[in-house]
There are 2 protein chains.
Amino acid sequence: MVTQNTVEIPRSVWYGWGDPAHATSLSANALTYLSATLKLASVKPVHPPADITEVRIGEPVLNAEALAELRAACGTEYVSTERLDRIEHSGGKSTEDLLRIRAGDALGAPDAVIFPASSEEIREVLAVCAARGIAVTAFGGGTSVVGGVSPLRGTFDAAITLDMRRMNKMLHLDPRSRTATFEAGLRGPGIEAALEPHGFTLGHFPQSHQEATLGGYVATRSAGQASTGYGRSDDLVKSVHLETPAGPLVAGSTAPGTAAGPKLLDVIVGSEGAFGVITSATLKIVPVPTHKSYGSWSFASFTAGAEAIRRLRHEGLSGDLPHVCRLSDSDETASTFKLGGPKTAALGKYLSVRGQATPALALFLWEGATKETAARKRRSARILRAAGGIPTGPIPARAWEHGRFSGPYLRDELLTRGVYVETLETSATWTSLDSTYHAVREAILKSLAEHGGTGYVQSHISHIYPDGASLYFTYLAGVESDGLAQHARVKQAASKAIVAAGSTITHHHSVGTDHAPYLGAEIGALGLDVLRGIKNTLDPAGIMNPGKLIPAAIKEQP
Amino acid sequence: MVTQNTVEIPRSVWYGWGDPAHATSLSANALTYLSATLKLASVKPVHPPADITEVRIGEPVLNAEALAELRAACGTEYVSTERLDRIEHSGGKSTEDLLRIRAGDALGAPDAVIFPASSEEIREVLAVCAARGIAVTAFGGGTSVVGGVSPLRGTFDAAITLDMRRMNKMLHLDPRSRTATFEAGLRGPGIEAALEPHGFTLGHFPQSHQEATLGGYVATRSAGQASTGYGRSDDLVKSVHLETPAGPLVAGSTAPGTAAGPKLLDVIVGSEGAFGVITSATLKIVPVPTHKSYGSWSFASFTAGAEAIRRLRHEGLSGDLPHVCRLSDSDETASTFKLGGPKTAALGKYLSVRGQATPALALFLWEGATKETAARKRRSARILRAAGGIPTGPIPARAWEHGRFSGPYLRDELLTRGVYVETLETSATWTSLDSTYHAVREAILKSLAEHGGTGYVQSHISHIYPDGASLYFTYLAGVESDGLAQHARVKQAASKAIVAAGSTITHHHSVGTDHAPYLGAEIGALGLDVLRGIKNTLDPAGIMNPGKLIPAAIKEQP
């Protein structure tokens with residue numbers, strides 16, 4: 001069997017990603033390229049995060065009675081009002097979160113962090129919070145990049161965070177039906193470690209995999225880097241146990257197919273903690289692949305590459321589709337070549353000679369049993385070559401796989417060096433892919449330059465559907481004097497471009513606080529009313545993760 | 001290209017299926033087998049439906065003002081209070097419906113039948129009905145077998161039926177993204193006829209295909225006979241336009257993938273007209289297959305056959321799975337052999353010599369482009385033979401395909417001959433398939449015999465999932481003196497067995513009135529509350545298809 005690269009990383013340091021000791025640094029070459037591209041006077045590491053002792057945080061407002069009831073529910077040692085616990089749970093890992101916490105602002109921290117061990121304990125906690133009017137935010141890996149785990153108070157004075165880390169067991173495995181049930185707090189590598197002895201994998205590897213949890217996957221409809229092959233989390237999930245203020249709800253069932261009314265499971269999947277707390281879920285699993293075949297092809301442009309991938313999806317045999325399929329635009333390809341050293345520089349020159357002056361590189365990974373992966377690659381190669389692809393060998397795909405989870409570390413260093421970096425994603429049909437790509441890209445570039453700065457945008461496709469593909473944008477610029485305002489400005493410009501293109505405000509990052517203002521444009525005012533009606537049924541007091549998913553007037557901590 | 005057998009049949013005669021002139025009759029051989037198996041004194045056709053002139057129907061209760069408003073909305077000629085229109089819309093095509101209507105009971109008929117031409121007209125009709133308290137049932141092909149189109153009045157005095165037949169256009173085709181938008185009243189063959197000139201098919205062929213409509217597919221989460229290959233209707237649909245009393249709701253979007261909150265589309269798909277009227281929908285389409293390969297294999301038992309199919313699903317290449325995959329149990333196989341004439345009798349003897357005394361026959365159909373279907377069949381054959389399958393050639397699968405839509409006609413003749421016949425379906429994981437099969441089968445057999453009769457149950461698998469398969473039961477017995485009571489008794493016994501097995505009350509027939517009492521056992525009391533909350537948002541007056549989907553106290557016509 002092929003070992004999946006699923007090493008669990010330490011829980012993130014309070015101001016950034018994972019354990020800084022595990023981070024790889026940007027090379028001198030990369031720094032030179034970066035400062036030249038962004039026209040920065042300096043990229044020296046002179047903007048470190050604040051010292052932990054200087055972080056500003058309010059006094060917890062929970063009174064003794066409330067704390068006593070919460071401690072009765074979960075045990076005294078699992079209800080923390082410690083400063084570090086509260087700081088670590090004051091937000092997720094969006095660039096906005098990092099800009100704020102690195103500046104020493106943890107004023108949004110919860111009043112207590114609770115570490116429950118069971119659905120029953122969570123039920124008791126919710127009863128206490130509903131009765132007393134305390135906002136509740138569930139926290140898995142804490143990797144939200146859209147404000148999903150910010151412990152907002154909504155209309156309440158107090159807020160707690162439920163850290164799910166103690167609920168980390170595989171509860172059931174049905175190898176014959178290929179399903180497994182996990183507690184919500186199990187992290188990505190823990191899921192794989194539980195399945196591997198039985199020869200199975202979930203196949204779900206988002207970039208946050210090493211830190212994110214099963215509950216987070218399900219709550220956010222996450223997609224993984226291999227979701228083209230294995231399916232998104234919303235494809236994999238069969239049933240969910242949700243604890244709500246109105247009681248427990250088991251959505252979905254063991255039945256493999258049903259017509260028993262609307263699929264209520266899909267009301268809970270993607271509900272981002274706003275209806276209740278996911279405590280466990282049953283998902284489909286598959287055998288760990290025994291073989292992998294890697295390949296890459298270069299195209300004359302992003303448009304040409306996207307067309308090749310569409311043909312691969314439409315003209316290839318259905319079983320031949322690669323599990324991983326990524327197409328970088330010319331900008332992202334240029335970055336890869338610039339940062340990859342002499343070998344990739346030579347590759348760039350070769351492609352230029354072959355007529356691809358600004359190539360767009362596509363990476364593929366076929367996973368499966370025995371040698372069929374090679375046959376699938378061979379048949380796919382015919383289509384890709386016919387579509388103008390120049391084969392560039394397996395190394396770029398292997399290199400990508402090697403570093404597939406390390407991206408988030410770089411952001412910490414970039415911010416320390418005064419470089420703003422953010423990502424966002426959408427998806428579009430094959431018909432509208434090109435226009436959506438250009439509209440969003442140009443909106444970001446224009447907004448980045450609004451205050452005189454120089455920005456850089458690169459993009460890739462990483463999820464392939466019958467009807468279209470995802471679009472993922474990474475953008476960089478020097479941090480302006482008001483980084484939070486800069487962030488808000490560019491995000492708003494990009495979001496408006498996505499709405500204007502008629503596309504989705506998020507392909508796999510979910511809604512959180514950041515996308516809530518745009519949800520109405522996507523699902524309509526009546527669609528929002530439906531969400532509110534569901535929330536009112538399950539969470540009549542409105543304590544669950546206020547301010548996320550459903551746009552609402554929220555009362556922030558002063 | 002392979003021509004799809006998708007001939008539109010005439011709209012059903014008021015007391016049964018389609019145009020009786022198109023029905024094939026049971027052979028003398030079949031009648032002998034039937035009377036012997038069910039131990040019936042006679043199967044003479046002495047129980048014809050009532051004469052149309054004798055059908056009992058109430059006076060329409062809509063007053064002149066209400067009729068005037070409805071006529072203003074849709075045009076005078078499209079608001080009918082004609083006796084035949086009302087009779088034809090008094091119910092669907094369940095055996096219960098037929099027992100009632102054949103006995104001359106159309107007392108449940110709607111007060112008017114309205115034939116709207118647009119979403120706007122439906123919006124106006126709903127406004128009139130909400131203001132005046134008139135129940136509204138949408139009616140596509142009228143093929144519901146679960147009471148889904150019975151125009152119940154709920155708490156209201158009057159009821160209308162919206163017949164969607166005039167809304168029968170393809171509105172948009174995107175060949176590049178492989179999606180198409182249809183009005184809801186377009187029937188199955190009309191969908192195919194609209195797509196075929198462009199080289200596409202929806203691939204959705206339920207047994208009711210020749211009469212059912214797109215709106216019905218989406219409203220009921222229907223599965224087709226080739227859904228193992230093409231996907232169920234709930235897999236195919238991308239977005240839906242729903243007219244509700246609270247206004248129009250567009251659920252879903254063009255985005256091929258999204259994480260923008262819960263998938264509200266799945267609240268509307270399967271909502272069975274209880275939240276509003278589906279007026280159009282966008283679905284994924286695929287190229288019409290150019291090649292088909294047929295095959296059949298026989299197994300020593302249903303259990304052995306199911307295990308072989310599980311291995312085919314799990315061990316075969318993902319692209320090799322047949323589009324159609326059906327496994328009959330020994331009883332259904334015996335019926336097929338008995339009714340198939342000398343050739344199939346010889347096949348039965350051959351299998352007996354090969355050690356399969358009570359064989360279970362599996363039929364397969366691979367569809368696709370060029371010769372790959374043959375290669376897929378060849379690779380699949382290895383797995384099926386290794387699992388104990390004896391190849392029995394392509395003819396049984398071809399014969400099945402030839403008669404795939406004709407089954408419902410037989411029921412009319414059987415009822416005329418005093419033979420009760422009904423079907424129901426569920427699904428189960430591979431792990432629980434065998435126990436669910438036996439539990440439901442035995443519950444039906446026991447209940448059929450409760451009043452001294454002799455029953456016959458046959459079953460098949462027709463939809464394959466990664467985690468399990470569907471189970472479809474057909475059962476027959478002589479009609480008792482109170483056929484409706486007999487029907488209710490057996491259905492209840494089977495439903496209780498399904499609930500006890502922890503399975504789903506319906507795999508593809510939907511909920512309607514018949515399964516509503518069992519929905520709570522499947523989705524929980526809180527799940528029902530969620531449905532009620534959604535209905536309250538979209539249909540606050542409760543006029544939409546009362547008594548269906550959500551169990552409720554209903555006020556029936558006296």
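Cut-offs and rules
Residue numbers here run from 1 along each chain, matching the order of that chain's written sequence. By the order in which they are written, chains take letters starting at A while ligands take numbers starting at 1. pLDDT decides what is reported in this predicted model: residues at 70 or higher carry local features, side-chain atom pairs at 80 or more are listed and counted, and totals for whole chains, interfaces and linings draw on all residues regardless. To obtain the side-chain values, all non-hydrogen atoms of the structure were used and water was disregarded. Each residue is placed in one exposure class: buried if its accessible area under a 1.4 Å probe, protein chains only, is under 20% of its type's maximum, exposed if it is over 50%, and partly exposed if it falls in between. Here a strand is any run of E in DSSP of at least two residues, a helix any run of H or I of at least four, and the numbering for each starts at the N terminus. A least-squares superposition brings the copies together, and it is based on the C-alpha atoms of residues with pLDDT no lower than 70 in both. What makes two residues a contact is simply this: any of their non-hydrogen atoms within 4.5 Å. Strand pairing requires that DSSP identify at least two bridges connecting the strands. UniProt positions are given in the numbering used here, feature names are shortened, and annotations may be inferred rather than shown by experiment. We call two N or O atoms a polar contact when they sit within 3.5 Å, provided that within protein one can donate a hydrogen and the other can accept it, with sequence-adjacent residues counted only if both atoms are side-chain atoms. pLDDT expresses, on a scale from 0 to 100, how confident the predictor is about each individual residue. Summed over both partners, buried area is the accessible surface (1.4 Å probe) that two parts give up on being assembled. Salt bridges are identified by distance alone: a Lys or Arg side-chain nitrogen within 4 Å of an Asp or Glu carboxyl oxygen. Under the scheme applied here, ten amino acids are nonpolar (Ala, Val, Leu, Ile, Met, Phe, Trp, Tyr, Cys and Pro), four are charged (Asp, Glu, Lys and Arg), and all others, including Gly, are polar. Note on definitions: angles span 0 to 180 degrees between N-to-C directions of axes, and those axes are lines fitted to C-alpha atoms, for helices only across the stretch in contact. Note that the term roughly parallel is reserved for angles under 35 degrees, roughly antiparallel for angles over 145, roughly perpendicular for angles of 65 to 115, and oblique for everything else. Sulfur atoms of two cysteines make up a disulfide when they are within 2.5 Å. Both cavities and pockets are sets of points on a 1 Å grid over the protein atoms alone; in a cavity a 1.4 Å probe fits but cannot get out, in a pocket the set is open with protein on both sides within 12 Å along at least five of seven lines, and lining residues sit with an atom within 4 Å of a point. Grid points are joined across faces, edges and corners, and a volume is the space filled by probe spheres set on the points. Domain ranges listed in this record stem from an automatic or a database domain assignment.

For the rest of this paragraph, the subject is helix α1 (residues 28-37) of chain B. Along α1(B), the positions that sit buried rather than exposed are A30(B), L31(B), Y33(B), L34(B) and S35(B). Once α1(B) ends, the next one or two residues include K39(B), with phi positive near 50°.

Okay, the relation of the copies chain A and chain B next. Expressed as a screw transformation, the operator carrying chain A onto chain B has a rotation angle of 180° and an axial translation of 0.0 Å, and the superposed copies differ by an RMSD of 0.0 Å. These values place the two chain copies in the arrangement generated by a two-fold rotation axis. Relative to the rotation axis, the closest C-alpha in chain A is found at G319(A), a distance of 1.9 Å. A shared interface surface links the copies, since 100% of the contact residues of chain A are contact residues in chain B too.

A separate point is the sheet that holds strand β2 (residues 112-114) of chain B. Residues and elements named next belong to chain B. An order of β1-β2-β4-β3 is seen for the four strands of this open sheet, with the pairing classed as mixed. Since the sheet does not close on itself, it has two edges, and those belong to β1 (79-80) and β3 (134-139), each with one partner. Where β3 lies against strand β4 (residues 158-163), six bridges are found, and the strand directions are parallel. Residue pairing for β4: V136 is matched across the bridge by I160.

For the rest of this paragraph, the subject is the environment of L283(A). All names here are of chain A. Looking at where L283 falls in the secondary structure, it is placed in strand β10 (residues 277-284). Accessibility expressed as a relative area gives 1% for L283, which makes it buried. Separated by 69 residues in sequence, L283 and L214 place their C-alpha atoms 9.8 Å apart. With residues up to four places along the chain from it excluded, the contact list for L283 reads R178, T179, A180, F182, L202, L214, L236, V237 and K238.

Here we take up the UniProt feature "active site" (unreviewed entry) in chain A. All names here are of chain A. As annotated by UniProt and renumbered to match this structure, "active site" (unreviewed entry) occupies Y472. Along the chain, the position of Y472 falls in strand β19 (residues 468-478). Apart from the residues within four sequence positions on either side, Y472 is in contact with Q207, T423, L424, E425, Q458, S459, H460, H508 and H509. Within polar-contact distance, the side chain of Y472 engages the side chain of T423 at 3.2 Å.

All names here are of chain A. The predicted model of chain A averages 95 in pLDDT, with 98% of residues at 70 or higher. Between residues 553-558, whose pLDDT stays under 50, and residues either more than four places distant or in other chains, the model counts 12 contacts. Confidence estimates for the predicted assembly give a pTM of 0.96 and an ipTM of 0.96.

What follows concerns the interface of chain A and chain B. Opposite the 74 residues of chain A that make contact, chain B presents 74 residues. Carbon and sulfur atoms supply 60% of the area buried between chain A and chain B, which totals about 5,500 Å² over both sides. When the buried area of chain A at its contact with chain B is split by residue, R176(A), P256(A) and L526(A) rank highest and sum to 12% of it. Applying the counting rule to chain A against chain B returns four salt bridges. For the salt bridge of R176(A) with E307(B), the shortest nitrogen-to-oxygen distance reads 2.7 Å. When residues of the side of chain A that touches chain B are traced back to their parent elements, those giving at least two are β8 (237-244), β9 (247-252), α10 (265-268), α11 (302-315), β16 (419-429), β19 and α19 (516-538) of chain A. Per-element tally for the side of chain A that touches chain B: the top contributor is α19(A), with 12 residues. Looking at the side of chain A that touches chain B residue by residue, the classes come out as 29 nonpolar, 28 polar and 17 charged.

Moving on, we get to the packing of helix α1 (residues 28-37) of chain A against helix α12 (residues 330-339) of chain A. Residues and elements named next belong to chain A. Viewed as axis vectors pointing N to C, α1 and α12 meet at an angle of 140°, and their least axial separation amounts to 9 Å. By the angle class used here, α1 and α12 are oblique. Contact residues: N29, A30 and Y33 in α1; A334, S335, K338 and L339 in α12. For the contact of α1 with α12, the residue count by class is four nonpolar, two polar and one charged.

Across all of its chains, the model carries zero disulfides over all chains by this definition. In this model C74(A) remains outside any disulfide bridge; the closest cysteine sulfur is found in C129(A), 9.4 Å from its own.

Here we come to empty space enclosed by the protein. In the structure shown here, the tally under the stated rule is two cavities of 30 Å³ or more. In this model, the largest cavity occupies a volume close to 60 Å³. In terms of lining residues, the largest cavity is bounded by V145(B), V146(B), E422(B), T423(B), L424(B), E425(B), H487(B), K491(B), H509(B), D514(B) and H515(B). For the lining of the largest cavity, the secondary-structure elements that each account for two or more residues are β16 (419-429) and α18 (483-500) of chain B. Ranked by residues supplied to the lining of the largest cavity, first place goes to β16(B) with four residues. Of the residues belonging to the lining of the largest cavity, the class tally is three nonpolar, four polar and four charged. Taken together, V145(A), V146(A), E422(A), T423(A), H487(A), K491(A), H509(A), D514(A) and H515(A) make up the full set of residues lining the second largest cavity.

This brings us to the pairing of strand β5 (residues 170-174) of chain B. All names here are of chain B. Here β5 runs beside strand β6 (residues 179-183); their pairing, made up of four bridges, is antiparallel. Looking across to β6, one finds that M170 is bridged to F182. Between β5 and β6, which follow one another and run antiparallel, lie four residues, and R178 among them has a positive phi close to 60°.

Take the sheet that holds strand β9 (residues 247-252) of chain B next. Pairing between the strands of a sheet is mediated by backbone hydrogen bonds and can be parallel or antiparallel. Pairing is antiparallel in the open sheet, where five strands are placed in the order β5-β6-β10-β8-β9 (chain B). Each having just a single partner strand, β5 and β9 of chain B make up the two edges of the open sheet. Across the sheet, the mean angle separating the axes of adjacent strands is 10° when strand polarity is ignored. Inspection of the sheet shows strand β8 (residues 237-244) of chain B paired to β9(B) by six bridges, in the antiparallel sense. Opposite L242(B), over in β9(B), you have L249(B) as the bridge partner. Sheet strands touched by α19(A): β8 and β9 of chain B. Its angle to β9(B), the strand with the most contacts, is close to 125°.

Once that is clear, we can look at the domain arrangement of chain A. All names here are of chain A. For chain A, the assigned domains are domain 1 (170-256 + 266-287) and domain 2 (291-402). Of the residues lining the interface, six residues belong to domain 1; the matching set on domain 2 comes to seven residues. Considering only the side of domain 1, the residues that lose the most area to domain 2 are Q225, T228 and Y230, jointly responsible for 77% of the buried surface there. Applying the counting criterion to the domain 1 and domain 2 interface returns two residue pairs in polar contact (both at pLDDT 80 or more). Within the side of domain 1 that touches domain 2, the residues separate by chemical class into two nonpolar, four polar and no charged.

The subject of this paragraph is the UniProt feature "binding site: FAD" (unreviewed entry) in chain A. Residues and elements named next belong to chain A. Here, the residues flagged by UniProt with the feature "binding site: FAD" (unreviewed entry) are E272, G273, A274, F275, G276, V277 and I278. Given the relative accessible area of 0%, F275 is considered buried. The topology assignment puts I278 in strand β10. Ignoring anything within four residues of it in the chain, the contact list for I278 reads M164, A184, G215, V218, A219, V240, H241 and L242.

This paragraph deals with the pairing of strand β4 (residues 158-163) of chain A. Residues and elements named next belong to chain A. Of all six residues in β4, six are buried; the element is thus mostly enclosed. Burial of β4 is two-sided: the residues A158, I160 and L162 facing one way and the residues A159, T161 and D163 facing the other way are all buried. With three bridges joining them, strand β2 (residues 112-114) and β4 adopt parallel strand pairing. Paired with A112 across the strands is I160, a residue of β4.

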